Amino acid sequence: MIKRTAESLFEASKKIVPGGVHSPVRSFKGLPVVPRFIEKAEGATITDTEGKNYIDFCMSFGPLILGHQNPVVKNELKSALDRGWSYGACEPYSLELADFLTSKLPFIDQIRFVNSGTEAVMTALRLARGVTKRSKILKFNGCYHGHVDSMLIKAGSGLAGTSTASSAGIPEGIAQDTLIVELDDESAVSKCFQDHTDQIAAIIVEPLPANNGLLPQRQEFLKFLREVTKQNGSLLIFDEVISGFRVAFGGMAELTGITPDIVTYGKIIGGGLPVGAIAAKKTIMEHLAPIGPVYQAGTLSANPLAMVGGLATLKQMDDKQYKQLDTNASLIHNTISEWLLGFEKGRFKDIKMVRFGSLFWFISKDGIRSIDQIPASLSSDFEPLFMTLLQKGIYIAPNAWEVGFVSLAHTQEVVDELKKRLWN
Ligand SMILES: *Cc1c(COP(=O)(O)O)cnc(C)c1O
């Protein structure tokens, strides 16, 4: 067999794919090593083309809550494959998933499936604008909502309240309709509503911001967002693409008891296959085509394989499993925290592993709620930690701002192996 080193594969890839990757966060940018090329995976372990295996804490950036190759999901997918994998017509599989979800989530009546979190957000924003007949969207600095034009916006450097695109290729006109506010800042939100009376269609928020580090918000802040949108005739969109089905089956909406007007899902909802979803009460959802004026469509939407993968995953997530997931995460948290303190005479003692359920993040400061509080040393602190873990056969996302994911496959056995690898 030809030896396929990560170096040779990345070289080849860079020639025919921009930057060698199909999503930038896979590129190991700024790190002194090329991306590993993962060939296969099982449970909590991934194996690269050089035959080295790693305990995986990236888990495809979240979807694999049951771990890689969960046997039940795999079997369901195999039977689904035998039936066919795309019809572009009505089929019973999405109905089964929609029925399961609407029966379990009291804050939604209807759901529509799309192919990614980005697509879900894109539709949620159009829906909110269509329902309210307003154009502006209030977004928080540090929340990620996929690569939708109007969401790749940051606070402007000039006048307060202005915004500019954080990516090339986004017209100024689009940036102007996105209002940017820091997380954890009620008064800035209020000011936006004063400055833009009757113009704000919706506030969109990650109720558990987990894409620029892990920034759990105060319950009162989320409650405030609920109240201020209601008072001003705006909608509240919870982007639960990462938190949905992870922090609880009903995500942060369930955990906080705060009911958003529109929810977006992704990641876990497809169990590792490409799925996103928009969900809300019927009065809002029925603004969507074909019965409403807000257009949305998709050739591969509600793909039968993806629907089966999602349902087979979510059906396993009962209360017992969520308890187990928390136990797994807690064991891993204790194991790594202890190692951070003691390894090589305290080489990493200033780095903390902060945790919210089965999500974690490495940072030198506790209790951060907005990105302006993140220490400037984040990346330089991260590099030696990442490299040490990688060398020991432990894989975390190759970027200081990304969170880690624990799955149900991170069992006691995996924790024992983790201990061995950490202290070896
Ligand atoms: C991952 C993520 C998205 C984007 O989903 P994709 O499937 O990558 O397009 C949007 N919002 C949040 C909160 C996410 O975590």
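Residues numbered from 1 in each chain as written. Predicted model: local features only at pLDDT ≥ 70, side-chain atom pairs only at ≥ 80, totals over all residues. Heavy atoms only, no water.

### Some thoughts on the overall build of the protein chain
Right, on to step 1. When helices and strands are tallied, the protein chain shows 13 helices and 16 strands.
Right, on to step 2. Taking 424 residues into account, the globule formula puts the C-alpha radius of gyration at 22 Å, and the protein chain, at 22 Å, falls close to it.
Right, on to step 3. In terms of overall dimensions, the protein chain has a C-alpha envelope of 60 × 55 × 45 Å along the principal axes.
Right, on to step 4. Counting the 424 residues in the protein chain, one finds 54% classified as buried.
Right, on to step 5. Taking the intrachain contacts of the protein chain between residues at least 6 apart in sequence as the baseline, contacts between residues at least 24 apart amount to 72%.
Right, on to step 6. Of the roughly 19,100 Å² of accessible surface on the protein chain, 53% is carried by carbon and sulfur atoms.
Right, on to step 7. Within the protein chain, the 45 negative side-chain charges are centred at a point lying 2 Å from the centre of the 44 positive side-chain charges. (Helix = DSSP H or I, 4+ residues; strand = E, 2+ residues; numbered from the N terminus. Rg over C-alpha atoms; globule rule 2.2 N^0.38 Å. Buried < 20%, exposed > 50% of the residue type's maximum accessible area, 1.4 Å probe, protein only. Contact = heavy atoms within 4.5 Å. Areas by Shrake-Rupley, 256 points an atom, 1.4 Å probe, with all protein chains shown as cover. Lys, Arg positive; Asp, Glu negative; His and termini not counted. Charge placed at Lys NZ, Arg CZ, Asp CG, Glu CD.)

### Looking at empty space enclosed by the protein
Where empty space is left becomes clear once a probe the size of a water molecule has been rolled over the atoms.
Right, on to step 1. Following the criterion strictly, the structure yields two cavities of 30 Å³ or more and no others.
Right, on to step 2. Estimates place the volume of the largest cavity at around 80 Å³.
Right, on to step 3. Taken together, Phe360, Trp361, Phe362, Phe382, Ile396, Ala397, Asn399, Ala400, Glu402, Val403 and Gly404 make up the full set of residues lining the largest cavity.
Right, on to step 4. Looking at the lining of the largest cavity element by element, the count peaks at three residues for strand 14 (residues 359-363).
Right, on to step 5. Residue classes in the lining of the largest cavity are distributed as eight nonpolar, two polar and one charged.
Right, on to step 6. For the second largest cavity, the calculated volume is near 50 Å³.
Right, on to step 7. Together, Ile351, Phe362, Ile363, Ser364, Leu378, Asp381, Phe382, Leu385 and Ala400 line the second largest cavity.
Right, on to step 8. With four residues, the top contributor of residues to the lining of the second largest cavity is helix 12 (residues 378-391).
Right, on to step 9. Counted by class, the lining of the second largest cavity contains seven nonpolar, one polar and one charged residues. (1 Å grid on protein atoms, 1.4 Å probe; cavity = no way out; pocket = protein on both sides within 12 Å on 5 of 7 lines; lining within 4 Å. Points joined across faces, edges and corners; volume = space filled by probe spheres on them. Nonpolar A, V, L, I, M, F, W, Y, C, P; charged D, E, K, R; others polar.)

### Some details on the layout of surface pockets
Right, on to step 1. Volume-wise, the second largest pocket comes out at about 600 Å³.
Right, on to step 2. Lining the second largest pocket are 24 residues, and of these Cys90, Glu91, Ser94, Ser301 and Ala302 sit closest to its centre.
Right, on to step 3. Mapped onto the lining of the second largest pocket, the elements with two or more residues apiece are helix 3 (92-104) and strand 4 (110-114).
Right, on to step 4. Looking at the lining of the second largest pocket, its residues break down into 12 nonpolar, nine polar and three charged.

### Observations regarding the environment of Asn399
Right, on to step 1. Looking at the secondary structure, you find Asn399 in the loop between strand 15 (394-395) and strand 16 (404-405).
Right, on to step 2. Residue Asn399 is classed as partly exposed on the basis of its relative accessible area of 24%.
Right, on to step 3. For Asn399 and Asp350, which are 49 residues apart along the polypeptide, the C-alpha to C-alpha distance reads 18 Å.
Right, on to step 4. For Asn399, the residues in contact, after removing those within four places along its chain, are Val25 and Phe382.

### What about the packing of aromatic side chains?
Right, on to step 1. A full pass over the atoms with the stated rule returns 13 aromatic pairs.
Right, on to step 2. Between Phe245 and Phe249, the aromatic rings sit 5.1 Å apart at their centres with planes inclined by 80°, giving edge-to-face as the arrangement. We note that Phe245, like Phe249, is buried.
Right, on to step 3. Ring pairs connect the aromatic residues Phe28, Tyr54, Phe382, Phe386 and Tyr395, which therefore count as one cluster.
Right, on to step 4. Note that Lys104 overlies the ring of Phe249, its terminal NZ or CZ placed 4.6 Å from the centroid. (Phe/Tyr/Trp six-rings, centres within 6.5 Å; stacked < 30°, edge-to-face > 60°. Lys NZ or Arg CZ within 6 Å of the ring centre and 35° of its normal.)

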